Amino acid sequence: MAGPFAANDFDPIIPADKKLSKDWIASLYDRGNPLSASGEDLRFIGMPINGICTGQVYLGGDGRLWYWNLDGHRDRKQIGAGPRFTDPDTFQSPMDQGFAIDVRSDDSAATFTLDSNGFHDVVFTNRYPMANVTYADNACPIKVELDAYTPYIPLNRDDSSFPVIVMRYTLRNQSSSDQEVSIAGWIENLSNFRSGKGRQGRRFNRFTERDGLSAVECWAGSISDDGAEEQVDVFADFEGGDYGDWKVEGDAFGDGPATGPRTIQKLSGFDGKGLVNSWTGSDKPQGKLTSPVFTIQKPFINFLIGGGNNTKSLGMHLWVDGRKVRSASGNRSDAMTWASWDVKELAGKTAHLEIVDASSSGWGHIDIDQIVFSTKPASGNSDTPLERATDFGSIALGLLGNEPAEFVDIQRSATGSTDLFSRTHSKVVDGDTFQRPLSDRAFASLGRTTKLGPGENAVVTFTLSWRFPNANYVTKFGRSPGDHDINDYSTRWPTSVDSAANVAVRQAELTDASQTWTDTWYDSTLPYWFLERTLIPLNCMQTQVAERLALQDGMYNLDEGVNCCPGNCTHVWQYAQGLARIFPVIERECRDKVEYGKGFRASDGAINFRHSIGEFRDAIDGQCGTILRVLRESQMTTDDRFLESIWDRTRQSMEHVIRKWDKDENGLLSGAQHNTLDEPWFGQVHWLINLYHAALKASASMARQMNQPAVADRYERIVANGAPAMVDMLWNEDFGYFIHNPGPGDDEKHGSVNGCHIDQVLGEFWLRNVGLDPVLPQDKTRRALESLWTYNFSPNVGDYRKVMTAGRWYAVEGNAGLIMCSFPHGKIEAKSGKKNYAGYLNECMTGFEWQVAAHMIWEGMLEKGLAIGKAIYDRYQPKDRNPYNEIECSDHYARAMSSYSAFMAVCGYQYDGPAGRLAFGPKMQHDNFRAAFTTAEGWGRFTQTVQDARQENGIELRYGKLRLQKLALDRTPETKPGQATATLDGRKIPAVFKADGTRLVATFPGGLNITSGQTLRVKHA
């Protein structure tokens, strides 16, 4: 993208001359093509494809569904370092699930799995929130096309929150002969796949028929106690001085049982004095204990277990006839708990046990005690019933259409496509249910057959749906599991089949609306890369970042990244802009129920920046950003009702900021100012002061809307004093940017000090988002942004990080990016603050980068803003990592939704619903521009053309409704002034036109109501 560079170009670490290539600059503007991938580039793709707040399921590059986190389980990579940037995942899944086709003709028959194992040529094409995958292979006469999606309809939160994935396959006969083609899918019974280990219970598979839907549903349940007295035989209690008849190998277990914990081990729950314990003070030793042979006579084997959870290298295993038939491991805890194996079907078999420690990594040890053979499962194996576990639930595979399903198998025990198309399955009818022990794997499948002549095609549509009701409401920072709660979506659908059945009967409506939005978004003149990267970060709401909790009154409980940093963190979420424009009701409810609900301290107006965490802490940037969000949310309604309901609390929160950090009301801040960089900064902090001023401006606007002019005057007076004072105190003319003047104390010296900080004019960015006038002199704002380009944008972040080594890696060698804070005039080493937080300043974090990119575009620095965005696009190419996962602190980081601001900036979009005002002023492609837009109640497409100096603009409403009082349109330099006219569906309508500089403002007397399918056109001359 850039170069060539000489060694001395990087003497200042970041070269001032970016040497961007002509081809790369051209790519900023080119329409280009949708993101697509094939071959090896498919392996990292994981597009969230489930409904809002329904878990986290990925569509893989080859069309397989993977990840399948429906219970909020936290994995080892969901930590603050965000390791998936440098170590991206490939396909992984807790269950076996997939689709395949069976092709038969007079002289051949073959089965092909619908993935990269079954087809040689697989191509993935992005249409987020939809996707397309094509399958072709010289060995297969059928070409297959998959269109995958979940209902996703902007402004319609409920119809975008289905726990349903739709997989629509089109089968095309490419051959010159007739082909009989069968397509089928299979699912595994996923319920209690973690919590059910060693537990007594049953797995159930059922076939169900509904209107337009055939489905196989899988779930699990407990077995009630029969009241009979338990009969127990103790096989091994490890109370002797040695292991008796057990064979000892290696050095992990020593010569005899342990007699309790060793060194720092926090061991508990063992029975008696002795136990098996391979922790020797280290996890390095490895070994194996093999039991004497025994005959299985009782239905359950019960035992106490603890230690690590890697079943491949740790645990206890039951061997029968040379096969490992049962396995159990710990849960990364030395608090031993009971586990049970149901072995009824193995009665009379000869068996032996192996206790294995083949791990030397962390938690590479195993604890075992009190192995007994019993007539009942261990009663103390868990305090949580199966039905209360977060991984308890049901999952269903559905087939749409009224034609009968074929290949229905609810007794399936084979994995993959084995025997999937067997014609020998017994006849299954509606309501048939099959059950097996919880310890067994269980599968179900169904499909359909069609005959295709040469060139013919057929469409077969499947659904995957689920219901996992139990959730955790995290109330402590860290890895605490939290309090039991209920996923709100599960209250809408009693079973996993019910949600799919609703989609089935509304298929045309839901598909059409979802497809219309997708087409509207991508049928644009803007570059595909830009459309993709500004919308994709909204997918965090389709991951475990977001849950909606029924026991908290349907509140949205939001992390910063997946399973990392809980509590709707105000100082992170205040950057996010996309959700407020696509699903504004979610943001409104969060303001009311979270920041001004659970997180609000009514006694003084403070907002806890993590609402669910017990220790109350307010952050000045989060508090000011939340005030600005109230104005934004009000603008995305049609009247004053929302603002009226929340204004008193909002005003109180503004007063808290003034009282705590600006007692003199001079517009400058003082004291400890906790912020998104995770520790308090002190002194006069440029970006916090500017954000404070923006919050005051927004509060003044809202106060006037609420008929409180005196309140508005006071807030504006503080800004009028503070903004010039900020310029006088913090603007460095020689540097060309604002600096941070740290506090006087020895412990107040950390921060960006003399560096060029990415957020230095963050308040101005926010004012652009809500359509308010700036508070800083525009020349200073633009020069500060130019300095960010000069000093912070590196064509190769790797060269910068060779020198500035502290910090996490979200851009690597060969990646371009905007550094958080550079020090072009020499770094002043702070003698206070935490070192790991100081490392943030060396990083590239997309949420901050998008904020600057959008602001640059608004300020007329189009090419530089696009370049920052394109650098992010290039970093997230599928050949390198998952393009659907912008990482900061863990996965799918919420701050990245600031990207949508760049889209609004390019469109010149402004909207104020209560005032009925809508405005556009495209920043590129002035003579032929086309892009999507949303308002409070409707969305559609905005168009602009200029031909022969005559400009024409169109508002095409494709969903909902729109009430307008005023429409403002920027005139292009080529447009000649003249008499303007307005038409609705070709009929001239009354409008009063007024020129406001280069902008034409149309006022519609009495207001104008536009409904879906109608088009408003304005001709300027």
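Keep in mind it's a predicted model, so treat the numbers as computed, not measured. (Residues numbered from 1 in each chain as written. Predicted model: local features only at pLDDT ≥ 70, side-chain atom pairs only at ≥ 80, totals over all residues. Heavy atoms only, no water.)

A.B. asks: Go over the overall build of the chain with me, naming the residues and quoting the values.
C.D. replies: The secondary structure content of the chain amounts to 19 helices and 53 strands. Here the C-alpha radius of gyration of the chain, 31 Å, is about what a compact globule of 1021 residues would show, namely 31 Å. Taking the principal axes of its C-alpha atoms as reference, the chain extends roughly 95 × 75 × 60 Å. A total of 1021 residues make up the chain; the buried ones form 61% of that total. Summarising the internal contacts of the chain: among those between residues at least 6 apart in sequence, 73% fall at separations of at least 24. One finds the centroid of the 108 positive side-chain charges in the chain at a distance of 4 Å from the centroid of its 129 negative side-chain charges. (Helix = DSSP H or I, 4+ residues; strand = E, 2+ residues; numbered from the N terminus. Rg over C-alpha atoms; globule rule 2.2 N^0.38 Å. Buried < 20%, exposed > 50% of the residue type's maximum accessible area, 1.4 Å probe, protein only. Contact = heavy atoms within 4.5 Å. Lys, Arg positive; Asp, Glu negative; His and termini not counted. Charge placed at Lys NZ, Arg CZ, Asp CG, Glu CD.)

A.B. asks: Provide a residue-level description of the UniProt feature "domain: Glycosyl-hydrolase family 116 N-terminal" (unreviewed entry) in the chain, including the pertinent values.
C.D. replies: Mapped onto the present numbering, the UniProt feature "domain: Glycosyl-hydrolase family 116 N-terminal" (unreviewed entry) falls on residues 46-212. Taken end to end, residues 46-212 has its terminal C-alpha atoms 30 Å apart, with 0% of it in helix and 47% in strand. (UniProt positions renumbered as here; feature names shortened; annotations may be inferred.)

A.B. asks: Describe in detail the pattern of salt bridges, supporting the description with residues and values.
C.D. replies: Taken as a whole and assessed by the stated rule, the structure comprises 63 salt bridges. Residue Arg-632 pairs with Glu-587 through a salt bridge whose shortest N-O separation is 3.5 Å. Here Glu-587 lies in helix H8 (residues 584-598) and Arg-632 lies in helix H9 (residues 620-635), a separation of 45 residues in the sequence. Of the two residues, Arg-632 and Glu-587, neither departs from the other in class, the shared state being buried. Put simply, Arg-808 and Glu-843 hold a salt bridge, and the shortest N to O gap is 2.9 Å. Here Glu-843 lies in the loop between helix H16 (835-838) and helix H17 (846-858) and Arg-808 lies in the loop between helix H15 (797-803) and strand S42 (817-818), a separation of 35 residues in the sequence. Accessibility assignment for this pair places Arg-808 and Glu-843 in one class, buried. A network of salt bridges, in which partner residues are shared, links Asp-523, Arg-930, Arg-941, Glu-952, Glu-956, Arg-958 and Arg-1017. (Salt bridge = Lys/Arg side-chain N within 4 Å of Asp/Glu carboxyl O.)

A.B. asks: Explain the packing of helix H4 (residues 507-522) against helix H5 (residues 528-535) residue by residue, including any values.
C.D. replies: A packed helix pair is summarised by two numbers, namely the angle formed by the two axes and the spacing between the axes. At a minimum axis separation of 10 Å, H4 and H5 run at an interaxial angle of 130°. The angle between the axes of H4 and H5 places the two elements in the oblique class. The residues of H5 that touch H4, namely those facing Trp-517, Trp-521 and Tyr-522, are Tyr-528, Leu-531, Glu-532, Thr-534 and Leu-535. A per-class count over the contact of H4 with H5 returns six nonpolar, one polar and one charged. (Axes fitted to C-alpha atoms, helices over the stretch in contact; angles between N-to-C directions. Parallel < 35°, antiparallel > 145°, perpendicular 65-115°, else oblique. Nonpolar A, V, L, I, M, F, W, Y, C, P; charged D, E, K, R; others polar.)

A.B. asks: Let's hear about the sheet that holds strand S25 (residues 394-400): which residues, and what values?
C.D. replies: Working definition: the strands of a sheet are paired by backbone hydrogen bonds and lie parallel or antiparallel to each other. The strand order across the open sheet built from ten strands is S1-S7-S8-S9-S10-S29-S25-S13-S12-S27, with neighbouring strands paired in antiparallel fashion. Each edge of the sheet is formed by a strand with only one pairing partner; in this case those strands are strand S1 (36-38) and strand S27 (433-437). Averaged over neighbouring strand pairs, the angle between their axes works out to 15° when direction is ignored. Examined bridge by bridge, S25 and strand S29 (residues 457-467) share six bridges and lie antiparallel to one another. Counterpart to Ser-394 in the pairing with S29 is Arg-467. Helix H3 (residues 496-505) contacts strand S10 (164-173), strand S12 (202-210), strand S13 (213-221), S25 and S29 of the sheet and is inclined by roughly 140° relative to S29. Contacting strand S7 (121-127), strand S8 (130-136), strand S9 (142-149), S10, S25 and S29, H4 runs over the sheet at an angle of about 80° to S7. (Pairing = 2+ DSSP bridges.)

A.B. asks: Give a detailed account of the domain arrangement of the chain, specifying residues and quantitative values.
C.D. replies: Taken domain by domain, the chain consists of domain 1 (36-222 + 387-514), domain 2 (233-384) and domain 3 (908-1020). Averaged C-alpha coordinates put domain 1 and domain 2 at centres separated by 36 Å. Buried surface at the junction of domain 1 and domain 2, summed over both partners, amounts to about 880 Å²; 48% is from carbon and sulfur atoms. Summed over the three residues of domain 1 that lose the most area to domain 2, namely Gly-198, Arg-199 and Gln-200, the buried surface amounts to 53% of that side. Taken together, domain 1 and domain 2 are joined by one salt bridge. Here Asp-440 makes a salt bridge to Arg-326, at a shortest N to O gap of 4.0 Å. The interface formed by domain 1 and domain 2 holds one residue pair in polar contact (both at pLDDT 80 or more) in total. Tallied by class, the residues present in the side of domain 1 that touches domain 2 amount to two nonpolar, three polar and five charged. (Domains from an automatic or database assignment. Buried area = accessible area lost by both parts, 1.4 Å probe. Polar contact = N/O pair within 3.5 Å; in protein donor to acceptor, adjacent residues only side chain to side chain.)

A.B. asks: Please set out the nonpolar core residue by residue, giving values where relevant.
C.D. replies: If you look at the biggest cluster of nonpolar residues, it comprises 239 residues, and the most contacted ones within it are Ile-101, Met-167, Met-541, Trp-573, Leu-967 and Leu-1016. No other element matches helix H11 (residues 686-705), which puts twelve residues into this core. Both domains that meet at this core, namely domain 1 (36-222 + 387-514) and domain 3 (908-1020), each give it at least three residues. With near-sequence residues (within four places) excluded, Leu-1016 lies in contact with Asn-953, Gly-954, Ile-955, Leu-964, Leu-967, Ala-982, Thr-983, Leu-984, Ile-989, Phe-1004, Leu-1008 and Ile-1010. Counting residues in hydrophobic clusters, the runner-up holds 30 residues, among them Phe-238, Val-276, Met-316 and Val-320. (Core = buried A, V, L, I, M, F, W, Y, C linked by side-chain atoms within 4.5 Å.)

A.B. asks: Give me the pairing of strand S19 (residues 300-307): which residues, what numbers.
C.D. replies: Of all eight residues that make up S19, eight are buried, and the element is covered over most of its length. A two-sided burial pattern is seen for S19, the buried positions comprising Phe-300, Asn-302, Leu-304 and Gly-306 on one face and Ile-301, Phe-303, Ile-305 and Gly-307 on the other. Here S19 pairs with strand S22 (residues 333-342) via seven bridges, running antiparallel. Bridge pairing in S22 links Leu-304 to Trp-338. One ladder, built from seven bridges, connects S19 with strand S24 (residues 366-374); its direction is antiparallel. Paired with Asn-302 across the two strands is Val-372, which belongs to S24.

A.B. asks: Provide a residue-level description of the packing of aromatic side chains, including the pertinent values.
C.D. replies: Scanning all chains against the criterion turns up 46 aromatic pairs. Between Tyr-596 and Phe-600, the ring centres sit 5.4 Å apart and the planes meet at 50°, which makes this aromatic pair tilted. We classify Tyr-596 as buried; its relative accessible area is 3%. Judged by relative accessible area, Phe-600 falls into the buried class, the value being 14%. With a centroid separation of 5.2 Å and an interplanar angle of 5°, the aromatic rings of Trp-939 and Tyr-959 are classed as stacked. You can see Trp-939 sitting in strand S47 (residues 938-947) and its partner Tyr-959 sitting in strand S48 (residues 950-970), a full 20 residues away along the chain. (Phe/Tyr/Trp six-rings, centres within 6.5 Å; stacked < 30°, edge-to-face > 60°.)

A.B. asks: Would you mind going over the sheet that holds strand S2 (residues 46-48) in detail, with residue names and values included?
C.D. replies: With antiparallel pairing, the three strands of this open sheet are ordered in space as S2-S3-S4. Edge positions in the open sheet fall to S2 and strand S4 (65-69), since each of these has one partner strand only. Across the sheet, the mean angle from the axis of one strand to that of its neighbour is 30°, orientation sign disregarded. Pairing between strand S3 (residues 56-60) and S4: three bridges, direction antiparallel. Bridging across to S4, Leu-59 finds its partner in Leu-65.

A.B. asks: Tell me what's going on with the environment of Gly-287, and back it up with residues and numbers.
C.D. replies: Residue placement: Gly-287 occurs in strand S17 (residues 287-290). Accessibility expressed as a relative area gives 13% for Gly-287, which makes it buried. Remark: the alpha-carbon pair of Gly-287 and Ile-79, spanning 208 residues in sequence, is separated by 32 Å. Discounting chain neighbours no more than four positions away, the residues touching Gly-287 are Glu-249, Gly-250, Ala-252, Phe-253, Ile-355, Val-356 and Asp-357.

A.B. asks: So what's going on with the environment of Gly-869? Residues and values would help.
C.D. replies: Checked against the element boundaries, Gly-869 lands in helix H18 (residues 862-875). The class of Gly-869 is buried, set by a relative accessible area of 0%. When the C-alpha positions of Gly-869 and Leu-28 are compared, they lie 9.0 Å apart, and in sequence the two are 841 residues distant. If we skip the residues at most four places from it in the chain, Gly-869 touches Trp-529, Trp-850 and Ala-853.

A.B. asks: Could you give me a rundown of the packing of helix H10 (residues 641-661) against H11, with the residues and numbers involved?
C.D. replies: Running from N to C, H10 and H11 point in directions that differ by 145°, and their axes come no closer than 10 Å. Remark: the crossing between H10 and H11 carries left-handed chirality. Across from Leu-643, Trp-647, Thr-650, Met-654, Val-657 and Ile-658 in H10, the residues of H11 making contact are Tyr-692, Ala-695, Leu-696, Ser-699, Met-702, Ala-703 and Gln-705. Grouping the amino acids of the contact of H10 with H11 by side-chain chemistry returns ten nonpolar, three polar and no charged. (Left-handed = near helix turned anticlockwise from the far one by under 90°.)

A.B. asks: Please set out H9 residue by residue, giving values where relevant.
C.D. replies: The terminal C-alpha atoms of H9, which comprises 16 residues, lie 23 Å apart, in line with the 22 Å expected from a rise of 1.5 Å per residue. Buried residues dominate H9, accounting for 16 of its 16 residues. (Expected span 1.5 Å × (residues − 1).)

A.B. asks: Can you tell me about H18, naming the residues and giving the values?
C.D. replies: Spacing of three or four residues puts side chains on the same side of an α-helix, whose turn is 3.6 residues. Taking 1.5 Å per residue, 14 residues should reach 20 Å; H18 reaches 20 Å between its end C-alpha atoms and fits that length. Across the 14 residues of H18, eleven count as buried, placing the element largely inside the fold. Listed in full, the buried residues belonging to H18 are Leu-862, Gly-865, Leu-866, Ala-867, Ile-868, Gly-869, Lys-870, Ala-871, Ile-872, Tyr-873 and Arg-875. Looking at the buried side of H18, the elements it contacts are helix H1 (22-29), H5, helix H14 (778-792), strand S41 (793-794), S42 and H17.

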